[in-house]
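In case you want the letters, here they are:
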Amino acid sequence: MSRRVLAEGVSAVPNGSYDVPTWQLAAGVLTGAVDDAGLDLDDVDGLYLPKPRPWTEQGFFSTSLANRLGLHLDRNVETYTGGTSGGSAFRLAARDVASGTLDVAVVFAAERNSTVETDDYLAYVLETFDHDIQAPAGPTVPGIYAQSLQRYRHEYDVPREAIADIAVKNHGNGASNPEGLFSSGTTVTDVLDSRPIARPLRLYECPAPCDGAAAVVLASEAAASAATVEVAGTGYDHPPSQYLGTREGALTEHPAFAGAADEALGAAGLAVADVDAFELYAPFPHTEAILTEELGLFERGRGALAAADGATAVDGPTPISPSGGPLGRGHPAMVTPILNHVEAVRQLRGTAANQVANADVVLTSAEHGHVDGVNTTVFRGGIDA
Amino acid sequence: MREDVIAAPFFEALADDAFAVQRCGACDRAFLPPAPVCPHCHAADVDWERTDARGRLYAFTELLRTPPNFDEPAVVGTVVVEGVRVLAPIDAPYDALSIGDPVALVPTDGAGDHDRGRWADAPFFTAEPRPDAE
Ligand SMILES: [Zn+2]
């Protein structure tokens with residue numbers, strides 16, 4: 001049994017700093033998305049979320065929240081695979097609605113990075129590297145992406161400014177997104193003058209951690225009242241790799257993204273050319289370029305030039321991250337995948353802050369590690385539920 | 001409790017001033033991190049092999065912010081040895097390095113005082129430029 005899955009309601013808070021408990025942020029977007037869906041809390045059958053990270057005040061997070069809100073659940077699922085957690089929570093929720101397990105699922109995430117010290121965060125991230133032979137080298141996540149940037153420029157002779165152009169494009173989109181962290185954009189000069197974080201990566205080329213929360217309500221046709229957006233397909237792929245690329249491929253290749261996108265587009269019966277906008281989990285500028293190359297939108301090494309050419313602008317032929325994405329919007333990492341999904345629904349409703357004209361199909365992604373594992377979702381609008 | 005720790009020969013080699021990888025008897029490819037089977041072909045016929053510890057610099061960075069208890073800044077990179085990518089601290093200034101540079105992986109005390117668990121007293125390794133490498 002496979003039923004149509006509708007994206008019925010969305011809600012998000014602006015990225016920033018919040019001095020309220022994480023559960024309160026979560027409750028706000030959960031009830032907001034249920035309201036947006038025209039449903040009641042009584043209708044909620046399932047909660048799907050990334051397991052909140054270790055510095056979150058509340059353990060048993062979904063149990064605590066469901067008890068607090070008086071939700072009688074058929075399913076509560078907390079996923080924990082880094083940046084893909086929210087995408088996997090979404091995929092599992094969509095599957096459970098499609099299979100008839102339940103009718104109304106809320107996928108959400110809430111995260112307060114303002115409560116974690118940088119040293120504690122870096123120590124936590126260090127444990128995601130191989131304990132015995134990688135972590136003792138003292139790596140950081142930007143330190144890995146810095147190396148793929150170095151390789152990308154080396155292999156394809158990409159101008160340094162082209163990388164900065166991608167950050168400028170995303171910061172510009174983020175600045176005109178009222179839910180973004182920053183109120184103004186930046187320039188190539190400012191990007192390249194910003195302080196180095198992990199050479200050659202500069203501050204404005206790194207996603208800014210912040211607090212955030214977002215939710216999406218998925219519903220069956222039986223439960224949906226006025227939805228116009230459906231989840232047309234989901235995908236996931238994870239070749240063997242842990243931060244240093246696959247054994248067969250270069251550090252500048254992200255085959256997990258290609259695999260996940262193929263699966264989601266195949267499930268939707270669509271091709272890449274049918275996609276009108278992309279909301280990607282691309283935490284660093286060259287990563288965005290590589291992801292577009294994995295989709296076949298640009299030749300290897302040419303994706304970086306797309307931002308300068310305007311090809312990936314909101315009004316370009318291939319809009320990438322009209323919301324600003326993690327670079328331009330700010331990056332509560334567990335929330336970013338849900339924010340991407342919220343933005344996709346808004347694009348298809350025609351209510352996005354940076355609206356892509358006549359958007360009918362949007363593809364979102366989430367990734368973890370160095371794009372070791374990837375989730376994708378294809379949304380289609382214009383549905384008459 | 002009698003269990004051999006699969007990774008032990010890697011650290012025993014470092015203690016003997018050597019750098020070891022695992023190699024598959026079926027497909028002849030080398031690999032890390034330590035595993036009970038070959039990650040390429042899944043054969044169980046895998047053995048440790050001490051290399052000449054020479055490799056080439058595949059990519060590198062200078063971290064201006066490091067995890068707690070690691071020197072800051074720090075140069076860290078990826079070295080290819082016997083076809084295997086290995087993450088390593090690099091004992092050289094960032095600006096003195098180029099992709100493809102020959103390096104040697106040499107035993108050291110490790111870069112920080114990160115909790116290495118059962119390997120707390122074992123050597124780690126650092127990449128040193130070694131221009132005379134092949
Ligand atoms: Zn093998």
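The structure displayed is predicted, hence computed values, not measured ones.

## Considerations on the overall build of chain A
Line of reasoning, step 1. Broken down by element type, chain A carries 12 helices and 11 strands.
Line of reasoning, step 2. In terms of C-alpha radius of gyration, chain A reaches 19 Å, essentially the compact-globule figure of 21 Å for 385 residues.
Line of reasoning, step 3. Each principal axis of the C-alpha distribution contributes one length, and for chain A these read about 55 × 45 × 40 Å.
Line of reasoning, step 4. Across the 385 residues that make up chain A, the buried fraction comes to 63%.
Line of reasoning, step 5. Summed over all atoms, the accessible surface of chain A reaches about 13100 Å², with 46% contributed by carbon and sulfur.
Line of reasoning, step 6. One finds the centroid of the 23 positive side-chain charges in chain A at a distance of 3 Å from the centroid of its 50 negative side-chain charges.

## Some details on the pattern of salt bridges
Residues and elements named next belong to chain A.
Line of reasoning, step 1. For the structure shown, the criterion picks out 24 salt bridges over all chains.
Line of reasoning, step 2. A salt bridge links Arg95 to Asp96; its shortest N-O distance comes to 3.5 Å.
Line of reasoning, step 3. Between Glu288 and Lys169 there is a salt bridge; the shortest N-O distance is 2.7 Å. Here Lys169 lies in helix α6 (residues 160–175) and Glu288 lies in helix α9 (residues 285–294), a separation of 119 residues in the sequence.
Line of reasoning, step 4. Overall, the relative accessible area of 4% leaves Glu288 in the buried class.
Line of reasoning, step 5. Salt bridges here are not isolated pairs; linked through shared partners, they connect Arg4, Glu221, Glu230 and Arg380.

## Here we look at the UniProt feature "domain: Thiolase N-terminal" (unreviewed entry) in chain A
Line of reasoning, step 1. Within this structure's numbering, the places UniProt gives as "domain: Thiolase N-terminal" (unreviewed entry) are residues 19–179 of chain A.
Line of reasoning, step 2. Between the first and last C-alpha atoms of residues 19–179 of chain A the distance is 17 Å; the span itself is 49% helix and 11% strand.

## Looking at the UniProt feature "domain: Thiolase C-terminal" (unreviewed entry) in chain A
Line of reasoning, step 1. Mapped onto this numbering, the UniProt entry annotates "domain: Thiolase C-terminal" (unreviewed entry) at residues 250–379 of chain A.
Line of reasoning, step 2. Counted over residues 250–379 of chain A, helix gives 37% and strand 14%. Its end C-alpha atoms are 31 Å apart.

## Observations concerning the interface of chain A and chain B
Line of reasoning, step 1. Taken together, the contacts link 39 residues of chain A with 41 residues of chain B.
Line of reasoning, step 2. Here chain A packs against chain B, burying approximately 3300 Å² in sum over the two surfaces, 59% of which is carbon and sulfur.
Line of reasoning, step 3. Among the residues chain A hides against chain B, the three largest losses belong to Ile133, Arg199 and Arg247 of chain A. Together they make up 23% of the total.
Line of reasoning, step 4. Across the salt bridge formed by Arg29 of chain B and Glu248 of chain A, the nearest N and O atoms sit 4.0 Å from each other.
Line of reasoning, step 5. Listing elements by their share of the side of chain A that touches chain B, those giving two or more residues are α4 (118–126), α5 (141–156) and β5 (196–199) of chain A.
Line of reasoning, step 6. Looking at the side of chain A that touches chain B, the element that brings in the most residues is α5 of chain A, giving eight residues.
Line of reasoning, step 7. Residues that form the side of chain A that touches chain B fall into these classes: 18 nonpolar, 12 polar and nine charged.
Line of reasoning, step 8. Direction of pairing for β5 of chain A relative to strand β4 (residues 54–63) of chain B: antiparallel, over a ladder of two bridges. Note on β4 of chain B: the bridge partner recorded for Ala198 of chain A is Leu63 of chain B.

## Remarks on the packing of α6 of chain A against α9 of chain A
Residue and element names in this part refer to chain A.
Line of reasoning, step 1. At a minimum axis distance of 8 Å, the contact between α6 and α9 shows a crossing angle of 95°. If you check the angle between α6 and α9, you find them roughly perpendicular. Where α6 abuts α9, its residues Ile163, Ile166, Ala167, Lys169 and Asn170 lie against Pro285, His286, Glu288 and Ala289.
Line of reasoning, step 2. Among the residues forming the contact of α6 with α9, the class breakdown is five nonpolar, two polar and two charged.

## Focus: the coordination of the zinc ion
All names here are of chain B.
Line of reasoning, step 1. Around the zinc ion, the donor atoms from the protein are Cys24 (SG), Cys27 (SG), Cys38 (SG) and Cys41 (SG), and they sit 2.3 to 2.4 Å away.
Line of reasoning, step 2. One way to put it: the four donor atoms around the zinc ion meet at angles of 100 to 120°, and that makes the site tetrahedral.
Line of reasoning, step 3. The sequence motif formed by the donor residues of the zinc ion is C-x2-C-x10-C-x2-C.
Line of reasoning, step 4. By relative accessible area, which is 2% here, Cys24 ends up buried.

## Things to note about α6 of chain A
All names here are of chain A.
Line of reasoning, step 1. In this model α6 runs 23 Å from its N-terminal to its C-terminal C-alpha over 16 residues, within 8% of the 22 Å that 1.5 Å per residue would give.
Line of reasoning, step 2. All of the buried residues along α6 are Arg160, Ala162, Ile163, Ala164, Ile166, Ala167, Lys169, Asn170, His171, Asn173 and Gly174.
Line of reasoning, step 3. Summarising the contacts, the buried residues of α6 are in contact with α5, α7 (188–193), β6 (201–202), α9, α10 (305–309) and α11 (325–329).

## Some points on the UniProt feature "domain: ChsH2 C-terminal OB-fold" (unreviewed entry) in chain B
Line of reasoning, step 1. Residues given the UniProt feature "domain: ChsH2 C-terminal OB-fold" (unreviewed entry) here are residues 48–106 of chain B.
Line of reasoning, step 2. As annotated, residues 48–106 of chain B has a helix share of 0% and a strand share of 56%, and its two end C-alpha atoms lie 18 Å apart.

## Re helix α1 (residues 22–36) of chain A
Structurally, the α-helix is built with 3.6 residues per turn, so residues lying three or four positions apart point the same way.
Residues and elements named next belong to chain A.
Line of reasoning, step 1. Its 15 residues place the ends of α1 21 Å apart at the C-alpha level, agreeing with the 21 Å of an ideal helix rising 1.5 Å per residue.
Line of reasoning, step 2. Residues of α1 that are buried: Thr22, Leu25, Ala26, Ala27, Val29, Leu30, Ala33 and Val34.
Line of reasoning, step 3. Close packing links the buried residues of α1 with β1 (5–12), β2 (46–50), α2 (61–69), β4 (104–111) and β7 (212–220).
Line of reasoning, step 4. A positive phi of about 70° marks Gly38, the residue just after α1.

What counts, and at which threshold
Residues numbered from 1 in each chain as written. Chains lettered and ligands numbered in written order. Predicted model: local features only at pLDDT ≥ 70, side-chain atom pairs only at ≥ 80, totals over all residues. Heavy atoms only, no water. Helix = DSSP H or I, 4+ residues; strand = E, 2+ residues; numbered from the N terminus. Rg over C-alpha atoms; globule rule 2.2 N^0.38 Å. Buried < 20%, exposed > 50% of the residue type's maximum accessible area, 1.4 Å probe, protein only. Areas by Shrake-Rupley, 256 points an atom, 1.4 Å probe, with all protein chains shown as cover. Lys, Arg positive; Asp, Glu negative; His and termini not counted. Charge placed at Lys NZ, Arg CZ, Asp CG, Glu CD. Salt bridge = Lys/Arg side-chain N within 4 Å of Asp/Glu carboxyl O. UniProt positions renumbered as here; feature names shortened; annotations may be inferred. Contact = heavy atoms within 4.5 Å. Buried area = accessible area lost by both parts, 1.4 Å probe. Nonpolar A, V, L, I, M, F, W, Y, C, P; charged D, E, K, R; others polar. Pairing = 2+ DSSP bridges. Axes fitted to C-alpha atoms, helices over the stretch in contact; angles between N-to-C directions. Parallel < 35°, antiparallel > 145°, perpendicular 65-115°, else oblique. Donors = N, O, S within 2.8 Å, 3.2 Å for Na, K, Ca; no water. Tetrahedral: all angles 85-135°; square planar, octahedral: opposite > 155°, others 65-115°. Expected span 1.5 Å × (residues − 1).

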